[in-house]
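Observations on chain architecture
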Amino acid sequence: MNRAVFLDVDGVLVHGYHARPELQQRWDETLLADLGVDPDRFRAEFIFDVFIKKVIIGEMSLIHALERRLPSMGFKGSPMVFAHYWMTHDTKLNHPLLALVKQLKQRKDLTLYVATNQEHMRALWLWQQLGMSELFVDIFYSARIGALKPAPAFFDFIMDRIGPQSEPPLFFDDTPKVITGARAAGWDAVQFDTIADFIGHPWIAERLS
C-alpha cells in the first residue's frame, strides 16, 4: 500500500505568505530601499491584479507581466533582475519540516508531492534551485494546471496524473478554504500552522517514530 502525501509551499515548506497574517514572513520588506518599488503598491497593483488574474494560472508569463507593470511603479530596470530579487528573497525554507520530509522519503509506503498555487518561473526555481526535486516526485502547481486551489479542477488534474489510490491523499496546507476544497475532493486535508500539525497527524507520526 502506497499513500500520496502532498505539501503546500508558502506557509508550509517555505516561510513566507501564510493564511494567518501573524505567521507571515514577508519577502518585500526592503523592496523600496533595494529596488525603489513600494511594496504596498506592488501588492495592490501587481499581486492582487494581473498576477492573481493571469500569471498564477498560466495565462501570462511573470516576466511579461512585470515588463508591463513595473515602469508605472518607478522601476526602469530589467524584469529579470526584479524576478531574481523576488525569487531569492522569498526562499525562507522550513528546514525542520524538510528534514522530516527527507526522513519520510526513505519509506516505501508513501510518495511525496508538492501541491501549490505558483506561476511557472517560481515553480521551476523551487524545483531546481531550492532542491525540492530531491525530495518530491512531482510539483503540481496552478499555472501548470490552469486552475487555483481550491477549485475542483486543481484536484481533478492531480488525481488524473497519480491514478487510483487505495487511501485518500494526505495534504498539508495553511489555508482553510483549501482544506475545505481538498476534503470535498475526497482528500484527507490538514491545516498547517506549525510543524506540530505535521508531526501530530497519526499517520505521519507512526512513520516518523
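From a predicted model like this one, the values you see are computed outputs, not experimental measurements.

A separate point is the overall build of the chain. In terms of regular secondary structure, the chain is built from 11 helices and five strands. Projected onto its principal axes, the C-alpha positions of the chain cover 55 × 30 × 30 Å. For the chain, restricting intrachain contacts to residue pairs at least 6 apart in sequence, the fraction spanning at least 24 positions comes to 66%. Of the accessible surface of the chain, which amounts to about 9,900 Å², a share of 54% is contributed by carbon and sulfur atoms. For the chain, the distance from the average position of its 22 positive side-chain charges to the average position of its 26 negative side-chain charges is 2 Å.

This part is about the packing of aromatic side chains. Counted under the stated rule, the structure contains 20 aromatic pairs. On the numbers, 5.5 Å between centres and 85° between planes, the contact of Phe42 with Trp86 is edge-to-face. Placement of Phe42 in helix α2 (residues 39–55) and of Trp86 in helix α4 (residues 79–89) is noted, with a sequence separation of 44 residues between them. On the basis of relative accessible area, Phe42 is assigned to the buried category, the value being 0%.

In this fold, Pro150 is placed in the loop between α7 (142–145) and α8 (152–162). What makes Pro150 partly exposed here is its relative accessible area of 27%. Once the C-alpha coordinates of Pro150 and Lys177 are considered, the two residues, 27 residues apart in sequence, prove to be 6.8 Å apart. If sequence neighbours within four positions are ignored, Pro150 has contacts with Phe155, Lys177, Val178 and Gly181.

What follows covers the pairing of strand β5 (residues 188–191). Across four bridges, the pairing between strand β4 (residues 170–173) and β5 is parallel. Looking at the pairing, Phe171 lines up with Ala189 of β5. A crossover links β4 with its parallel partner β5, the connecting element being helix α9 (residues 176–184), and its sense is right-handed.

Here the focus is the sheet that holds strand β1 (residues 3–7). The strand order across the open sheet formed by five strands is β3-β2-β1-β4-β5, and the pairing between neighbours is parallel. Edge positions in the open sheet fall to β3 (138–141) and β5, since each of these has one partner strand only. For this sheet, the mean angle separating the axes of adjacent strands, direction not counted, is 25°. Those strands touched by α8 are β1, β2 (110–116), β3 and β4, and its axis lies near 155° from that of β3.

Core analysis: the largest hydrophobic core is formed by 32 residues, its most contacted members being Leu7, Met132, Phe136 and Phe198. Taken together, the elements giving at least two residues each to this core come down to β1, α5 (95–105), β2, α6 (120–129), β3, β4 and α11 (202–208). At five residues, the largest contribution of residues to this core is made by α5. With residues near it in sequence (within four places) discarded, Leu7 still touches Val12, Leu13, Leu97, Val101, Leu112, Tyr113, Val114, Ala115, Phe136, Phe171, Phe172 and Phe198.

Right, let's get into the side chain of Asn94. Structurally, the position occupied by Asn94 is in the loop between α4 and α5. Beyond its immediate stretch of four places on either side in the chain, Asn94 contacts Val12, Leu13, Val14, His15 and Phe192.

Conventions adopted
- Residues numbered from 1 in each chain as written.
- Predicted model: local features only at pLDDT ≥ 70, side-chain atom pairs only at ≥ 80, totals over all residues.
- Heavy atoms only, no water.
- Helix = DSSP H or I, 4+ residues; strand = E, 2+ residues; numbered from the N terminus.
- Contact = heavy atoms within 4.5 Å.
- Areas by Shrake-Rupley, 256 points an atom, 1.4 Å probe, with all protein chains shown as cover.
- Lys, Arg positive; Asp, Glu negative; His and termini not counted.
- Charge placed at Lys NZ, Arg CZ, Asp CG, Glu CD.
- Phe/Tyr/Trp six-rings, centres within 6.5 Å; stacked < 30°, edge-to-face > 60°.
- Buried < 20%, exposed > 50% of the residue type's maximum accessible area, 1.4 Å probe, protein only.
- Pairing = 2+ DSSP bridges.
- Right-handed = clockwise from strand over helix to strand, strands pointing away.
- Axes fitted to C-alpha atoms, helices over the stretch in contact; angles between N-to-C directions.
- Core = buried A, V, L, I, M, F, W, Y, C linked by side-chain atoms within 4.5 Å.

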